Amino acid sequence: MCREGVDLTTLKVSLKQQADRLRLEQDHLRQWAALAGNVALEGVSLKLQECCRELSAAEGLIREAAAELAEVQMGGGTGAGGVTVAPV
């Protein structure tokens, strides 16, 4: 991605979509973990639960990044690398 013509709205929307996908994957992992636990595969279930926790942490970081982009867009100011971002 080039530094000129960076579309912050597209980036922000993309990050929100990524966070939504991670939320969906967490739901799927919870279901698989429950299934594994029900068929006496506790080790597998525990690993899937840990994956779910880590996805939750990743989702939170992505949402924070999207919120930071929203703040930059609304307030203008300087983004990373000294690039000036003007609100649209």
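Above this text you will find the structure in question.
In this section: the pattern of salt bridges. Tallied over the entire structure, the rule returns five salt bridges. The shortest N-O distance in the salt bridge between Asp20 and Arg63 comes to 2.8 Å. Linking Asp20 in helix 1 (residues 8-38) with Arg63 in helix 2 (residues 42-75), this pair joins segments that are 43 residues apart in sequence. Under the relative-accessibility criterion, Asp20 is labelled partly exposed at 44%. Among the ionic pairs, Glu59 bridges to Arg63, the shortest N-O distance being 2.9 Å. Taken together, the positions of Glu59 and Arg63, both in helix 2 and four residues apart, correspond to about one turn of that helix. Here the salt bridges share partners, and the residues they tie into one network are Asp20, Arg23, Glu59 and Arg63.

Tracing the sequence through the fold places Lys16 in helix 1. Apart from the residues lying within four places of it in its own chain, the contact partners of Lys16 are Arg63 and Ala66.

What counts as what
Residues numbered from 1 in each chain as written. Predicted model: local features only at pLDDT ≥ 70, side-chain atom pairs only at ≥ 80, totals over all residues. Heavy atoms only, no water. Salt bridge = Lys/Arg side-chain N within 4 Å of Asp/Glu carboxyl O. Helix = DSSP H or I, 4+ residues; strand = E, 2+ residues; numbered from the N terminus. Buried < 20%, exposed > 50% of the residue type's maximum accessible area, 1.4 Å probe, protein only. Contact = heavy atoms within 4.5 Å.

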